[in-house]
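Listed here are the chains, written in short residue letters.
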Amino acid sequence: METLSENACFGGVQGVYSHASNSCKCDMTFGLFLPQEAQDGPVPVLWYLSGLTCTHENAMVKTGAQNWAAEQGIALVFPDTSPRGDDVADDDEYDLGKGAGFYVNATEKPWAPHYGMWDYVAEELPALLAENFAIDADRQSITGHSMGGHGALTLAMNLPGRYRSVSGFAPICNPTGADWGRKQLSAYLGTDETKWARHDASLMMRKTGFDGPVLIDVGTDDQFIDLLRPETLATAITERRQQATMRMQPGYDHSYFFVSTFMEDHVTFHAEALWT
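A few points on the structure. (Residues numbered from 1 in each chain as written. Predicted model: local features only at pLDDT ≥ 70, side-chain atom pairs only at ≥ 80, totals over all residues. Heavy atoms only, no water.)

A word on the environment of Ala 273
Threshold: Starting at the N terminus, helices and strands are each numbered in turn, a helix being any DSSP run of H or I of at least four residues and a strand any DSSP run of E of at least two. The criterion used for residue contact is that any of the two residues' heavy atoms lie within 4.5 Å.
For Ala 273, the location among the structural elements is in helix 9 (residues 256-274). Separated by 229 residues in sequence, Ala 273 and Pro 44 place their C-alpha atoms 10 Å apart. The residues contacting Ala 273, other than those within four sequence positions of it, are Arg 164 and Ser 165.

Here's what the structure looks like:
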């Protein structure tokens with residue numbers, strides 16, 4: 001693992017690190033914020049999964065999450081959204097290929113050799129963090145924006161007991177029923193739609209739910225709301241009687257201005273679960 005940068009940040013350290021990934025068969029870069037409390041021992045960790053076109057850097061720089069994480073004494077992890085490199089398959093469109101890994105393990109050509117983002121986020125990167133940093137692996141929560149919200153919700157519901165809480169900022173709620181999803185899932189996983197279900201938050205909510213608190217925020221002026229399909233997740237939450245708070249925020253769109261506005265709420269929400 002290589003340290004690319006480390007900067008003092010709200011009493012802690014915001015680092016950026018690179019390593020050779022077995023899951024993605026390329027070098028991967030991630031951001032990690034460690035609060036001051038990490039100097040004395042392992043701290044809880046909140047995973048932040050970013051959306052389409054993003055790298056590890058977008059949320060790390062734009063959300064202001066470190067301020068609130070420092071107040072709560074928790075770490076933040078900012079993984080990349082896809083494999084990177086000259087030999088990694090890509091697409092001319094922004095919503096497939098690099099920057100659009102969709103947090104799945106691709107099984108189809110040309111994506112399969114490198115697009116192992118599920119294993120990367122679920123297994124490889126957590127093991128790397130536990131080995132090299134003061135992270136409490138028994139106290140993890142997860143959040144994300146848009147495609148990252150999709151990843152956060154599906155990881156949480158497919159890995160029972162892993163995360164104490166889950167939240168999403170404008171998550172893609174029903175990818176099997178929208179163009180943000182059907183295109184990517186068919187490309188990465190093939191045309192057998194039974195293989196898509198575990199990567200659909202609304203379907204997983206109906207099937208398994210989540211053993212813990214859930215928080216979802218969506219802007220009423222989100223320009224992509226028809227692709228997000230939040231109503232499908234709201235219906236599934238109600239049908240399952242899931243412990244959840246789902247808020248439609250008036251006037252907000254899909255941007256990082258929306259995410260940063262409600263970041264304090266989400267970090268506080270997760271901190272309550274992580275420190276309980």
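Brief notes about the pattern of salt bridges
For side chains of opposite charge, pairing can occur when their charged atoms come near one another. So the rule is basically this: Counted as salt bridges are all cases of a side-chain nitrogen of Lys or Arg within 4 Å of a carboxyl oxygen of Asp or Glu. Residue exposure (1.4 Å probe, protein chains only): buried if accessible area is under 20% of the type maximum, exposed if over 50%, otherwise partly exposed.
Counted according to the given criterion, the structure contains 8 salt bridges. A salt bridge links Lys 183 to Asp 95; its shortest N-O distance comes to 2.7 Å. Within this pair, whereas Lys 183 is found in helix 5 (residues 179-189), its partner Asp 95 is found in the loop between strand 5 (75-78) and helix 3 (117-132), the two being separated by 88 residues in sequence. Take Lys 183: its relative accessible area is 32%, and that puts it in the partly exposed class. Residue Arg 247 is joined to Asp 265 by a salt bridge in which the shortest nitrogen-to-oxygen separation is 3.1 Å. Of this pair, Arg 247 sits in strand 9 (residues 244-249) while Asp 265 is found in helix 9, placing the two residues 18 residues apart along the sequence.

Points about the side chain of Ser 141
To be explicit about the condition: Under the rule applied, a polar contact is a pair of N or O atoms within 3.5 Å (in protein, one hydrogen donor and one hydrogen acceptor; residues adjacent in sequence only if both atoms are side-chain atoms).
Its place among the elements puts Ser 141 in strand 6 (residues 135-144). The class of Ser 141 is buried, set by a relative accessible area of 0%. Among the polar contacts made by the side chain of Ser 141, one reaches the side chain of Ser 165 at a distance of 2.7 Å. Each residue touching Ser 141, except ones within four places of it in the same chain, is listed here: Val 45, Leu 46, Trp 47, Tyr 163, Arg 164, Ser 165, His 270 and Leu 274.

Section: the packing of helix 2 (residues 65-72) against helix 9
Applied cut-off: Interaxial angles span 0 to 180 degrees and are taken between N-to-C directions of axes, which are lines fitted to C-alpha atoms, for helices over the stretch in contact. For classification purposes, an angle smaller than 35 degrees is called roughly parallel, one larger than 145 roughly antiparallel, one from 65 to 115 roughly perpendicular, and anything else oblique. Two helices crossing with the near one rotated counterclockwise from the far one by less than a right angle form a left-handed crossing, whereas a clockwise rotation gives a right-handed crossing. Nonpolar residues are Ala, Val, Leu, Ile, Met, Phe, Trp, Tyr, Cys and Pro. Charged residues are Asp, Glu, Lys and Arg, and all others, Gly as well, are polar.
Following both chains from N to C, one finds helix 2 and helix 9 inclined at 30°, their axes separated by 9 Å at the closest point. Of the possible angle classes, the one that applies to helix 2 and helix 9 is roughly parallel. Crossing of helix 2 against helix 9: the hand is right-handed. Contact residues: helix 2 offers Ala 65, Trp 68, Ala 69 and Gln 72, while helix 9 offers Met 263, Glu 264, Val 267, Thr 268 and Ala 271. Here the residues of the contact of helix 2 with helix 9 sort into 6 nonpolar, 2 polar and 1 charged.

What about helix 2?
So the rule is basically this: Here the arc refers to the set of directions running from the helix axis out to each C-beta atom.
Where helix 2 is concerned, the buried positions are Ala 65, Gln 66, Ala 69 and Ala 70. For helix 2, the arc enclosing every buried residue in end-on projection is 130°, short of the 170-degree limit, so these residues lie on one face. Tucked into the core, helix 2 has its buried residues touching strand 1 (2-9), strand 2 (12-21), strand 3 (26-34), helix 1 (57-62), strand 5 and helix 9. Count one or two residues on from helix 2 and you reach Gly 73, which has phi positive near 70°.

Geometric values such as these leave the question of function open.
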